[in-house]
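In case you want the letters, here they are:
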Amino acid sequence: MPKRNSKRKITLPAALVLCVVAVVFYLIQDQETETAPVSSYPEGCTMEVHFIDVGQGMATLIQHEGENLLIDTGDRSAKDELMAYLEEAGVTDFTYIIGSHPHEDHVANLDDVILAYDVGTVFLTGSDYDSALWEDIQTAIETSGVVTEDPPAGYICTMEDVLLEFMAPLQEDTEYSDVNDWSYVVKVTHGEDTFLFPGDATVYSENEMLAWYTRDELNVDVLDVSHHGSYLSNSPQFLEKVSANIYTISCGEDNQYGHPHSDTLNRIAALGGEVYRTDESGTIVMESSGNSITVKN
């Protein structure tokens, strides 16, 4: 048989044992408090996203901590509505303006906005595009002296603690036969809240993103549905991988293109989630706390 330990046991008074245990417990708890990750976003650091009703076009204003970002400017017919909305929203300058691609329903008022406001940087794709509107935009850029950039996929910039990530196009724009695939696809992250703005990217660009990015990289809370809800965009595979909780569709009432297409609406319905349309609700405003997103209207 094995020998028992012959060392004499030392018995501490019960009160002393309890005291030691309490001190150790306190130290462990204090250490956990200092090293535990913060689970909630700071209160008051809200971001507002305005999906502006510009008829059959797109224009989105993002405001955070006194800074402003404008993604697209809508069609020329909506110029007065756009400029009035920006004034009412208290905009005096822009940190960034993004022209997703050269089509008129996205950048027709870009020249007027550039000339009316102080702008930090304009992100612009389609330098080889040939149109009278494009020439007007180039003239406004030269007149204002604003800085322009054409960032590649993977480019990241910030607006305070808001992260902007350019995810597409994944090739040079001139390598695409469809100008819609020149569209910047921009992911906006505020705390734990995420938004995806694909412009008019078609299934071709979507397939490139599906092959390039992981589910976690494409998954967002809010998807600004591509190309006004066209069936040539928003493939079932892309929508499933994005897996948004909220979908916004910018389109004009009774528009000639039949946007949003019933196929797209059925694909979204199959995945669930809330759908908001400017042709039905007018301008849609969301507030991001960094932990949750609230539709304000």
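Note that the coordinates shown come from a computational prediction; the quantities given were computed from them, not determined experimentally.

Novice: Looking at this model, I keep getting lost on the side chain of Thr 95. Mind explaining?
Specialist: As for its position among the elements, Thr 95 is in strand S4 (residues 93-99). Of note is the side chain of Thr 95, whose polar atom sits 2.6 Å from the side chain of Glu 67. In contact with Thr 95, not counting residues within four places along its chain, are Glu 67, Asn 68, Gly 120, Thr 121 and Met 159.

Novice: Please explain the packing of aromatic side chains as it appears in this structure.
Specialist: We describe a pair of aromatic rings using the distance from one ring centre to the other and the angle between the two ring planes. One pass over the structure, following the stated rule, counts 11 aromatic pairs. For the ring pair Tyr 176 and Tyr 204, a centre distance of 5.9 Å and an interplane angle of 90 degrees mean the geometry is edge-to-face. Taken together, the residues span a long stretch of sequence, with Tyr 176 in the loop between strand S8 (162-168) and strand S9 (185-190) and Tyr 204 in helix H6 (residues 203-212) at a distance of 28 residues. On the basis of relative accessible area, Tyr 176 is assigned to the buried category, the value being 4%. With relative accessibility at 49%, the residue Tyr 204 sits in the partly exposed group. Taken together, a centroid distance of 6.5 Å and an interplanar angle of 10 degrees make the contact between Phe 195 and Phe 197 stacked. Just as Phe 195 is buried, Phe 197 falls in that class too.

Novice: Please clarify how the sheet that holds strand S5 (residues 118-124) should be interpreted in this entry.
Specialist: Consider a sheet: its strands pair through backbone hydrogen bonds, and that pairing is either parallel or antiparallel. Strand order in the open sheet made by the 8 strands is S6-S5-S4-S3-S2-S1-S14-S15, with mixed pairing throughout. At either end of the open sheet lies a strand with only one pairing partner, and these are strand S6 (147-149) and strand S15 (293-295). Mean inter-strand twist for the sheet, computed between neighbouring axes without regard to direction, equals 20 degrees. Packing of helix H2 (residues 79-88) onto the sheet brings it into contact with strand S1 (47-51), strand S2 (60-64), strand S3 (67-71), S4 and strand S14 (284-288), and relative to S2 it is tilted by some 10 degrees.

Novice: Honestly, the pairing of strand S12 (residues 246-249) in this entry has me stumped. Any pointers?
Specialist: Regular strands show a simple pattern: their side chains alternate between the two faces of the sheet. Taking every second residue as pointing to the same face, both faces of S12 are buried, with Ile 246 and Thr 248 on one and Tyr 247 and Ile 249 on the other. In this sheet, S12 lies alongside strand S11 (residues 222-224) in parallel orientation, the contact comprising 3 bridges. Among the inter-strand pairings, Asp 224 is bridged to a residue of S12, identified as Thr 248. The β-α-β motif built from S11, the intervening helix H8 (residues 236-242) and the parallel element S12 has right-handed crossover chirality.

Novice: Just checking my understanding: could you explain the sheet that holds strand S13 (residues 274-277) for this structure?
Specialist: Overall, mixed pairing links the 7 strands, which are arranged S7-S8-S9-S10-S11-S12-S13 in an open sheet. Sheet topology places strand S7 (156-159) and S13 at the edges, where each strand pairs with a single neighbour. The average angle at which neighbouring strand axes cross in this sheet is 20 degrees, direction not considered. Pairing geometry for S7 and S8, over 4 bridges, is antiparallel. Bridging from a neighbouring strand, Met 159 pairs with Val 162 of S8.

Conventions used here
Residues numbered from 1 in each chain as written. Predicted model: local features only at pLDDT ≥ 70, side-chain atom pairs only at ≥ 80, totals over all residues. Heavy atoms only, no water. Helix = DSSP H or I, 4+ residues; strand = E, 2+ residues; numbered from the N terminus. Polar contact = N/O pair within 3.5 Å; in protein donor to acceptor, adjacent residues only side chain to side chain. Contact = heavy atoms within 4.5 Å. Phe/Tyr/Trp six-rings, centres within 6.5 Å; stacked < 30°, edge-to-face > 60°. Buried < 20%, exposed > 50% of the residue type's maximum accessible area, 1.4 Å probe, protein only. Pairing = 2+ DSSP bridges. Axes fitted to C-alpha atoms, helices over the stretch in contact; angles between N-to-C directions. Right-handed = clockwise from strand over helix to strand, strands pointing away.

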